[in-house]
Amino acid sequence: MSTLSEAILGAPAGSYVDREVDIAFAHDGTGVLTREALREMGVEHLPHPDRLRLIFDHIVPANTGTTATLQAELREYARVFGIALSDAGCGICHQVMSEGVVRPGMVVVGADSHTCTLGAFGAFATGVGATDMAAIWASGETWFRVPETIGIDLSGRLSGAAEPKDVALAYVAALGMEGATYRALEFVGDGAATISMDGRLTLSNMAVETGAKTGIFYADSVTVRYLAEHGVTASPQVPEDSCYERTVAIDLDDIVPLVAVPHRVDTVREAEEVAGTHLDQVFVGTCTNGRYEDLARFARIVRGKKVAVRTLVFPASRAVLARAIATGVLAEIVDAGCVVGSPGCGPCLGAHAGVLGEGEVCLSTANRNFKNRMGVGGEIYLSSVATAAASALAGEITVPEVA
Amino acid sequence: MQGAGPAVCLGNDIDTDLIIAGRYLRTKDRSVWAEHVFEDLDPTLAPRLSGAVIVAGRNMGCGSSREQAVVALREAGVVAVVAESFARIFFRNAVNVGLPVIEASVACTDGARVAFDLDSGWVEVDGRRYPARALSEKMVAILRAGGLVPYWRSSR
């Protein structure tokens, strides 16, 4: 019986296949090197511009003249070659792709490691480098080694203050930072059906933190309904009795708020164990936790109160921002004293807008807490949105009471 | 494909942020990446990389897909990277920019002479030989061409 990765790539685990891709995207960071490689390759024609996307999300709006010039060159390249461009303010590439672009069964490549996020739709979605992307844009295809699969068997239902991010931290801790290298994760079991599309995107997003190529869910009625809301017609995928290399069982009823402590994402503690840790900054957003459900959850907790520490909220996309405005969620976040940034990656990679100073401590809803990532000498703790909200109000890491 | 150089030993889980920090990515000037390579890990490393073979532990190059990481190593003069295991995007990126990557479990001492032969599938450290995992035919062809760009040009 095939795993979903084997079914989509059309070959058993361990085989090397050349496969046409359905969607191939790059962002303002990797796109610069993709364009350089295409120039060096002498490519003057792209066979399928309709399958390509450029999305400006990493440093938006541009922070320096150099960044602005590099973005202007990419903008011009997109215009000349007929590539759809999502310019500054549209949002994070994975989020933009999740809003009615990626569909079940597709092969999706992105020049960003968190492309695994889009496995949440039952697509084979994986990250590649900039030169690989250039060859994909030039040829329409690439090679894959079909991965072995580790099953993540979810049972039960989240309760109390636990949310999908805590499940993500739990499986990363269980597998470790290289526990799934070269492999795919498949999220299955009765518990998977209880998780919303926004929550599944959070779970798939962190697959790469275990080394995995993708983190994949079977498309079901939740997927079909979500895509219908975005104007896309899709059908559910029928799970087979797949043969996994191994299976990690997670009972959602047992999940409690968790925190990854510096400087490893797989060093995970119960939030209670690190409660009281002083914070200089709280950051809510990114391709992990910048979606509408995340902003709404944050607003529910900070509503009518004031944050006690510098708190940055970056919506993952313009659509998320617009919905947060329409429903009043954004006003509650602003009234609570938060800084609201433009849709994009924000301070996650330490290049602009919210860089940490020496010795500063940040609680972030992102996916990486590598040493110095958000600024030299800064320390990063990773948590759920509810933990971030409760902690923002207290100025120190705090266990949330409700999700 | 063969090569040799003095070893620079690194540990496990060296992420691409540590190889080249996010604050140095916004340029096309490759010398900037070579200049700041490993700055946040150990600022004394960069000058020792020319002609050297990096010998790392498990999960080398994890994290971001940034290709600047492998370009920085190549531009700094690194001859090859040997590691017990690699993060997959880093591994693919290295091959694509013509930087040999060798999956092998070896004992490392800084400055030890490391030699490798990708075709025969071995790495030697101070004369002691270890088996190296074979690359796919396509990867070998790309490496032999000097990276994906020259491979593309020669195959068209």
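This one's a predicted model, so the numbers in the text were calculated from it and none came from an experiment.

## Brief notes about the packing of helix H2 (residues 30–41) of chain A against helix H5 (residues 130–139) of chain A
Residue and element names in this part refer to chain A.
Moving on, step 1. Contact geometry of H2 with H5 gives a least axis separation of 8 Å together with a crossing angle of 55°. Here H2 is positioned oblique relative to H5, judged by the angle of their axes. The two elements H2 and H5 meet at a crossing, and its hand is right-handed. Here H2 contributes Thr-30, Leu-33, Thr-34, Ala-37, Leu-38 and Met-41 to the contact with H5, which in turn contributes Ala-130, Thr-131, Met-133, Ala-134, Trp-137 and Ala-138.
Moving on, step 2. Split into classes, the residues belonging to the contact of H2 with H5 amount to 9 nonpolar, 3 polar and no charged.

## Digging into the interface of chain A and chain B
Moving on, step 1. If you look at the interface, chain A gives 40 residues, while chain B gives 33 residues.
Moving on, step 2. Every element with two or more residues in the side of chain A that touches chain B is listed here: H2, helix H3 (65–81) and H5 of chain A.
Moving on, step 3. In terms of residues, the side of chain A that touches chain B owes the most to one element, H2 of chain A, which gives 7 residues.
Moving on, step 4. Along the lines of polarity and charge, the residues of the side of chain A that touches chain B split into 18 nonpolar, 13 polar and 9 charged.

## Overview of the pairing of strand E9 (residues 184–188) of chain A
All names here are of chain A.
Moving on, step 1. Burial analysis of E9 places 5 of its 5 residues in the buried class, the great majority of the element.
Moving on, step 2. Side chains Ala-184, Glu-186 and Val-188 project from E9 onto one buried face, and the interleaved Leu-185 and Phe-187 project onto a second face that is buried too.
Moving on, step 3. Relative to E9, strand E8 (residues 149–155) is paired through 5 bridges, and the arrangement is parallel. By the bridge assignment for E9, Thr-149 is matched with Ala-184.
Moving on, step 4. For the crossover that starts at E8, traverses helix H6 (residues 164–175) and ends in the parallel E9, the hand is right-handed.
Moving on, step 5. As paired strands, E9 and strand E10 (residues 214–217) are joined by 4 bridges and run parallel to one another. Along E10, the bridge assignment pairs Ala-184 with Thr-214.
Moving on, step 6. Crossover connection from E9 via helix H7 (residues 197–205) to parallel E10: handedness right-handed.

## Quick notes on H7 of chain A
Moving on, step 1. Of all 9 residues in H7 of chain A, 9 are buried, a share of seventy percent or more.
Moving on, step 2. By the burial criterion, the buried members of H7 of chain A are Met-197, Asp-198, Gly-199, Arg-200, Leu-201, Thr-202, Leu-203, Ser-204 and Asn-205 of chain A.

## Re the packing of H6 of chain A against H7 of chain A
Residues and elements named next belong to chain A.
Moving on, step 1. Orientation of H6 relative to H7, taken along the N-to-C sense of each, is 20°, at an axis distance of 9 Å. Here H6 is positioned roughly parallel relative to H7, judged by the angle of their axes. Between H6 and H7 lies a crossing of right-handed hand. Listed contacts from H7 to Pro-164, Lys-165, Val-167 and Ala-168 of H6 are Gly-199, Thr-202 and Leu-203.
Moving on, step 2. Residues that form the contact of H6 with H7 fall into these classes: 4 nonpolar, 2 polar and 1 charged.

## Details of the confidence of the model for chain B
Moving on, step 1. Overall, the predicted model of chain B reaches an average pLDDT of 95, with 100% of residues at or above 70.
Moving on, step 2. In the predicted complex, the global pTM is 0.96; the interface-specific ipTM is 0.95.

## Comments concerning the nonpolar core
Moving on, step 1. With 197 residues, the main nonpolar core has Phe-298 of chain A together with Ile-54, Leu-73, Val-81 and Val-82 of chain B as its most contacted residues.
Moving on, step 2. Contacts of Val-81 of chain B, omitting those with residues within four sequence positions, involve Ile-54, Ala-56, Met-60, Leu-73, Ala-94, Leu-99 and Val-101 of chain B.

## Focus on the domain arrangement of chain A
All names here are of chain A.
Moving on, step 1. On domain assignment, one finds that chain A holds domain 1 (4–145), domain 2 (149–254) and domain 3 (259–394).
Moving on, step 2. Between the C-alpha centres of domain 2 and domain 3 the distance comes to 23 Å.
Moving on, step 3. No other element matches the 5 residues that H6 contributes to the side of domain 2 that touches domain 3.
Moving on, step 4. Tallied by class, residues from the side of domain 2 that touches domain 3 come to 7 nonpolar, 4 polar and 5 charged.

## Brief notes about the sheet that holds E8 of chain A
Residues and elements named next belong to chain A.
Moving on, step 1. With respect to topology, 4 strands assemble into an open sheet ordered E10-E9-E8-E11, the strand pairing being parallel. Only two strands of the sheet have a single partner each, and these edge strands are E10 and strand E11 (246–251). Recorded for the sheet is a direction-independent mean angle of 20° between the axes of neighbouring strands.
Moving on, step 2. The sheet contacts of H6 involve E8 and E11, and relative to E11 the element is tilted by about 140°.
Moving on, step 3. Docked against the sheet, H7 engages E9 and E10, running at close to 150° with respect to E10.

So, how was this worked out
- Residues numbered from 1 in each chain as written.
- Chains lettered and ligands numbered in written order.
- Predicted model: local features only at pLDDT ≥ 70, side-chain atom pairs only at ≥ 80, totals over all residues.
- Axes fitted to C-alpha atoms, helices over the stretch in contact; angles between N-to-C directions.
- Helix = DSSP H or I, 4+ residues; strand = E, 2+ residues; numbered from the N terminus.
- Parallel < 35°, antiparallel > 145°, perpendicular 65-115°, else oblique.
- Left-handed = near helix turned anticlockwise from the far one by under 90°.
- Contact = placed C-beta atoms within 7 Å.
- Nonpolar A, V, L, I, M, F, W, Y, C, P; charged D, E, K, R; others polar.
- Buried ≥ 20, exposed ≤ 12 C-beta atoms within 10 Å, placed from the backbone.
- Pairing = 2+ DSSP bridges.
- Right-handed = clockwise from strand over helix to strand, strands pointing away.
- pLDDT = per-residue confidence, 0-100.
- Core = buried A, V, L, I, M, F, W, Y, C linked by C-beta atoms within 7 Å.
- Domains from an automatic or database assignment.

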